[in-house]
Amino acid sequence: MSLRLQINLIITALMLVFGSVLVGLQIDNTRRSVHEEVTGANVVASQLLSPLKWGNDASGLVGMTDYLSRVGRLRANEIALYGQQGELIYRSPPSLYKIGREAPLWYARLVSSPLTPKNIMLPNGRIELKADPSRATLDGWDDLRPLLLMVFAGFIFGTALVHALIGRATRPLRQVVDGLRRMEQGAYDTRLPALSGREGQQISHAFNAMAQSVQGAALARQQAREATEALAENRELTQLIQTRIEQERGAIARELHDELGQQVTAIKSAGLAIARRAIGNDALIERSARLVMDCADQIYDGVHRLISQLRPLALDRFGLHDALQDMLGDWRVYHPDMGLTFTTSGGLEDLDNALATAVYRIVQEAVNNALRHAQASCIDVSVTATDTHLQLDVVDNGRGRLKNLQATDHFGVLGMRERAQALGGSFELTQVEPSGVRIRVRLPVKRPVKHQQEVNSQ
């Protein structure tokens, strides 16, 4: 039910109540007037007829009849003369006032109450005096009809006027409702014109401010959704790039190991053969051959380090745990004075290749930064793996500061962060007091189906 209809019904009900009260008051006044008039007329008639004294013979009734005929009709009363045997001798004539017309029966019942007929006893009969409120009731009805017509006309006119005025007053509300419906359909650029009246102006101002806020929020949500989609695409692209880079590094590492390694081995073998033949014959050739063998060893060591940087073969052959052990063992060899600890918890077997590679590269980059840039003397590396997540912590006591590591030109931290986020994980940097930095990485783990079945069976 609309607000306009509710207001119309309320005002219509009030008008009906007001009209009903007016009609009720008029009917109540008429009832009092009819009662007073009829009662008074009945008393007057009774007082007029009671003192008459007549003889006991029949001439007394004849004289009474003649008297009553000359008196005629008394107002608001009917007079009937009965003989000694109860026979009707005389009845007063009907009233000529508004003859032929009667008030409606329902109205007569409302305004008139029956009075008990009065009997005046005579020596040879009786006079019955009966109150007749019909003429007074008709007068009240004639007075009520104009009021009923006025109330009805006023009700019709008032209802039409109220309907028109309320429609005009609620027109701004309809505009607000239409605006809200358009906004519900997605038209957030909807604005209301300046509405009439002080309240209308306040409503239009508040609506337009709300619409501006909703439009801004919708635009922000759309931009956030587009940014989220773009971020997801960038992460996917980053992961593809990282995977492709690792594939190319692996291919290069295998080529170096297979081709260059064999060539270096061949050179060393040839130098050894030359040196053996030159022993005791040509010392210069022997020294040159030994020099070639030393150069071959150096080339082999360099190729081995380069292969480890390009793609750790232990990661493919033995898994993440052994690859990390091997890498950290090399760091201990090159930096014997550094305190480097490595702890693991949980199984690191059967990890996804991309996940294992990311963890390896992040540890490699973190340790390298701690040694070269922060001059750390103690580094702790810990890896904790569960069936759903893997957490990596690298803590050093170097002189690195968090604000410097978070600079946009620090590509090592940026690369570690991108690797973690590309796999749907998190990357966190925190300052360790009195000195040092903690790198914490959490990555989701996807175990192979076979491994999951084994864990469940255990």
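Residues numbered from 1 in each chain as written. Predicted model: local features only at pLDDT ≥ 70, side-chain atom pairs only at ≥ 80, totals over all residues. Heavy atoms only, no water.

## Examining the nonpolar core
- Counting residues in each nonpolar core, the largest one holds 41 residues, and the members touching the most others are Leu320, Ile379, Val381, Leu392 and Ile439.
- Setting aside its immediate chain neighbours within four residues, Val381 contacts Leu340, Thr341, Phe342, Thr343, Val363, Val367, Leu392, Asp393 and Val394.
- Of all hydrophobic cores here, the second largest spans 14 residues; its members include Leu61, Tyr67, Tyr90 and Ile127. (Core = buried A, V, L, I, M, F, W, Y, C linked by side-chain atoms within 4.5 Å. Buried < 20%, exposed > 50% of the residue type's maximum accessible area, 1.4 Å probe, protein only. Contact = heavy atoms within 4.5 Å.)

## Comments concerning the pattern of salt bridges
- For the structure shown, the criterion picks out 11 salt bridges.
- Between Arg135 and Glu102 there is a salt bridge, and its shortest N-O distance comes to 2.8 Å. One end of the pair, Arg135, is in helix 4 (residues 134–169); the other, Glu102, is in the loop between strand 2 (88–91) and helix 3 (105–111), and 33 residues separate them in sequence.
- Here Arg135 falls in the buried class, since its relative accessible area comes to 12%.
- With a relative accessible area of 56%, Glu102 lands in the exposed category.
- Within the structure, one salt-bridge network assembled from shared partners comprises Lys98, Arg101, Asp139, Asp142 and Arg145. (Salt bridge = Lys/Arg side-chain N within 4 Å of Asp/Glu carboxyl O. Helix = DSSP H or I, 4+ residues; strand = E, 2+ residues; numbered from the N terminus.)

## Examining the layout of surface pockets
- Volume-wise, the second largest pocket comes out at about 410 Å³.
- Elements supplying a minimum of two residues to the lining of the second largest pocket: helix 1 (3–49), helix 3, strand 4 (125–131) and helix 4.
- Among the elements that take part in the lining of the second largest pocket, helix 1 stands out by supplying four residues, more than any other. (1 Å grid on protein atoms, 1.4 Å probe; cavity = no way out; pocket = protein on both sides within 12 Å on 5 of 7 lines; lining within 4 Å. Points joined across faces, edges and corners; volume = space filled by probe spheres on them.)

## Thoughts on unusual backbone geometry
- Of note, the bond from Glu433 into Pro434 is cis; its omega dihedral lies within 30 degrees of zero at 5°.
- If you trace the backbone, Pro434 turns up in the loop between strand 8 (426–431) and strand 9 (437–444).
- One non-glycine residue with positive phi stands out, namely Ala76, at about 65°.
- Position of Ala76 relative to the elements: it lies in the loop between helix 2 (58–71) and strand 1 (77–82).
- The class of Ala76 is buried, set by a relative accessible area of 11%.
- If you check the backbone angles, Lys98 has positive phi at about 50° while not being a glycine.
- Structurally, the position occupied by Lys98 is in the loop between strand 2 and helix 3.

## Concerning the confidence of the model for the protein chain
- For the protein chain, mean pLDDT is 81; residues scoring 70 or higher make up 89% of the total.
- Long-range and interchain partners of residues 54–58, a stretch whose pLDDT sits below 50, account for 12 contacts in this model, where long-range means more than four residues apart. (pLDDT = per-residue confidence, 0-100.)

## A closer look at the sheet that holds strand 2
- Spatially, the four strands line up as an open sheet ordered 2-1-4-3, and their pairing is antiparallel. Of all the strands in the sheet, the pair left with one neighbour each is strand 2 and strand 3 (118–122). Ignoring strand direction, the axes of neighbouring strands in this sheet form an average angle of 20°.
- Bridging between strand 1 and strand 4 involves six bridges; their strand directions are antiparallel. For Leu81, the partnering residue across the bridge sits in strand 4 and is Ile127.
- The strands touched by helix 1 are strand 1, strand 3 and strand 4; relative to strand 4, the strand with the most contacts, the crossing angle is about 160°. (Pairing = 2+ DSSP bridges. Axes fitted to C-alpha atoms, helices over the stretch in contact; angles between N-to-C directions.)

## Considering the sheet that holds strand 7 (residues 389–396)
- Pairing is mixed in the open sheet, where five strands are placed in the order 5-6-7-9-8. Each having just a single partner strand, strand 5 (339–345) and strand 8 make up the two edges of the open sheet. Strand after strand, the sheet turns through a mean of 10° between neighbouring axes, direction not considered.
- Bridge analysis of strand 7 against strand 9 gives seven bridges, and the strand direction is antiparallel. Looking across to strand 9, one finds that Leu390 is bridged to Leu443.
- Against the sheet, helix 9 (residues 320–334) contacts strand 5 and strand 6 (378–385), and its axis sits at roughly 175° relative to strand 5.
- Seen against the sheet, helix 10 (residues 353–372) touches strand 6, strand 7 and strand 9 and runs at an angle of roughly 10° to strand 7.

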